[in-house]
Amino acid sequence: MVVSRRNFVCLMGLALAGVPTLPAGPARADNRVRIGVLKFGTVSWELDTIKHHGLDAANGIDLDVSFFAGEDATNVAMLSGNIDIIVTDWLWVSRQRSMGGDVTLVPYSTAVGAIMVRQDSPIRNPGDLTGKKIGVAGGPLDKSWLLLQALFRRDHDMDLAERNEIVFGAPPLLSEKTIEGELDAVLNFWHFCARLEAHGFRRLIGADDAARALGATGPVAALGYTFHESWARADPAAIAGFIKASAAAKRMLASSDAEWLRLAPLVRAEGKELETLRDRYREGIPSRSAAEEEADAARLYDVLAQIGGEKLVGDARQMAPGTFWLGPET
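First things first, this report covers the structure right here in the doc.

Secondary structure assignment for the chain yields 14 helices and 10 strands. Relative to the 2.2 N^0.38 estimate, which gives 20 Å for 330 residues, the radius of gyration of the chain is 19 Å and therefore close to what a compact globule would have. Principal axes of the C-alpha set define a box for the chain whose edges measure 60 × 45 × 35 Å. Considering the chain as a whole, with its 330 residues, one finds that 55% of them fall into the buried category. Looking at the chain as shown, the accessible area adds up to about 13,600 Å², and 52% of this sits on carbon and sulfur atoms. If the 36 positive side-chain charges of the chain are averaged to one point and the 43 negative ones to another, these points end up 1 Å apart.

Structurally, asparagine 188 can be placed in strand β8 (residues 185-188). Separated by 3.0 Å, the side chains of asparagine 188 and serine 175 make a polar contact.

Despite not being glycine, aspartate 157 has its phi angle at roughly 50 degrees, a positive value. Its place among the elements puts aspartate 157 in the loop between α5 (143-156) and α6 (160-163). Given the relative accessible area of 68%, aspartate 157 is considered exposed. Of note in the backbone geometry, arginine 268 takes a positive phi value of approximately 65 degrees without being a glycine.

Attention now goes to helix α12 (residues 257-267). Those residues of α12 that fall on the buried side of the exposure criterion are Glu259, Trp260, Leu263, Ala264 and Val267. The backbone nitrogen of alanine 258 has a side-chain oxygen 3.4 Å away, supplied by the residue at the start of α12, namely serine 256. Just downstream of α12 lies arginine 268, where phi reads positive at about 65 degrees.

The buried count for strand β5 (residues 114-118) comes to 4 of 5 residues, which makes it a mostly enclosed element. Examined bridge by bridge, β5 and β8 share 3 bridges and lie antiparallel to one another. Of the residues in β8, the one forming a bridge with isoleucine 115 is leucine 187. Examined bridge by bridge, β5 and strand β9 (residues 201-206) share 5 bridges and lie antiparallel to one another. Of the residues in β9, the one forming a bridge with isoleucine 115 is isoleucine 205.

With that settled, consider the sheet that holds β9. Spatially, 5 strands are ordered β7-β6-β8-β5-β9 in an open sheet, and the strand pairing comes out mixed. At either end of the open sheet lies a strand with only one pairing partner, and these are β7 (165-169) and β9. Neighbour-to-neighbour, the strand axes of this sheet turn through a mean angle of 25 degrees, independent of strand direction. Bridge analysis of strand β6 (residues 133-137) against β7 gives 5 bridges, and the strand direction is parallel. The residue of β7 that forms the bridge with valine 136 is phenylalanine 168. Each of β5, β6, β7, β8 and β9 is contacted by helix α7 (residues 171-179), which is oriented at about 160 degrees to β8, the strand it contacts most.

Parameters at a glance
Residues numbered from 1 in each chain as written. Predicted model: local features only at pLDDT ≥ 70, side-chain atom pairs only at ≥ 80, totals over all residues. Heavy atoms only, no water. Helix = DSSP H or I, 4+ residues; strand = E, 2+ residues; numbered from the N terminus. Rg over C-alpha atoms; globule rule 2.2 N^0.38 Å. Buried < 20%, exposed > 50% of the residue type's maximum accessible area, 1.4 Å probe, protein only. Areas by Shrake-Rupley, 256 points an atom, 1.4 Å probe, with all protein chains shown as cover. Lys, Arg positive; Asp, Glu negative; His and termini not counted. Charge placed at Lys NZ, Arg CZ, Asp CG, Glu CD. Polar contact = N/O pair within 3.5 Å; in protein donor to acceptor, adjacent residues only side chain to side chain. Pairing = 2+ DSSP bridges. Axes fitted to C-alpha atoms, helices over the stretch in contact; angles between N-to-C directions. Contact = heavy atoms within 4.5 Å.

Have a look at this one:
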């Protein structure tokens, strides 16, 4: 069992807006679905919605949520069979499959990070970034960072890493340093960008802009619900029930402002900040078919493999077949 470090942000479609929920009724004990997520991650907002409104029981499952301190811990727990589902990106899934694993994913969110600057910053377009001090969350192999580097090299003949002072760090620390004026710009995860936006910052260019410019035909899911294919095939009712419960929660979060007010303590935001997080979350709800998502992810994989190399993708130069779960019939 090999676990590689999860490197964030670019890419598929689970909204399933038209999927009906199953008739309400008690969940069967043998359809317990164990999911492991980061304690303060954005996924907890959706899972809380599922549990609060009984959307798991309504779809024939009993969702058992476990919280972890770090992503590597969730990866190991799922790979070892201690939990059924985690949330991670499709590059990690592809790498596991290329090494003989059977993990696969369905989309969770297309929300991705962006380069943010102060509203009054003289940086008005990407070309103005030359010679600036830029914070980057996620590390040198962060997918948003790699996509933006690829775009800048192609369209602006600029090596972002060489032409600027790059500061890698934890997302909250980078946001704080940007607010205090220690950084000229910051590439952060989507929810940190939304909080900055609510406090006088603007988006210069996003990883989604880079993805489209580099070949994606639409928004690509950055993260997905990830699980063993063998588990899903052995208990198709469990994975189907979970996908439907997730879709029902997304529909509720997409339409109900009151639900966001209920979630405010968990989101740790209020007022303008809560509204901005709500709106950006809604923009990130996947809406495309699995086939469209898979095709775009494969295109972006080629770009990322070229710029990130073996450290990012290992020996596999193409996305592994089966990275995206297309259903039990595939």
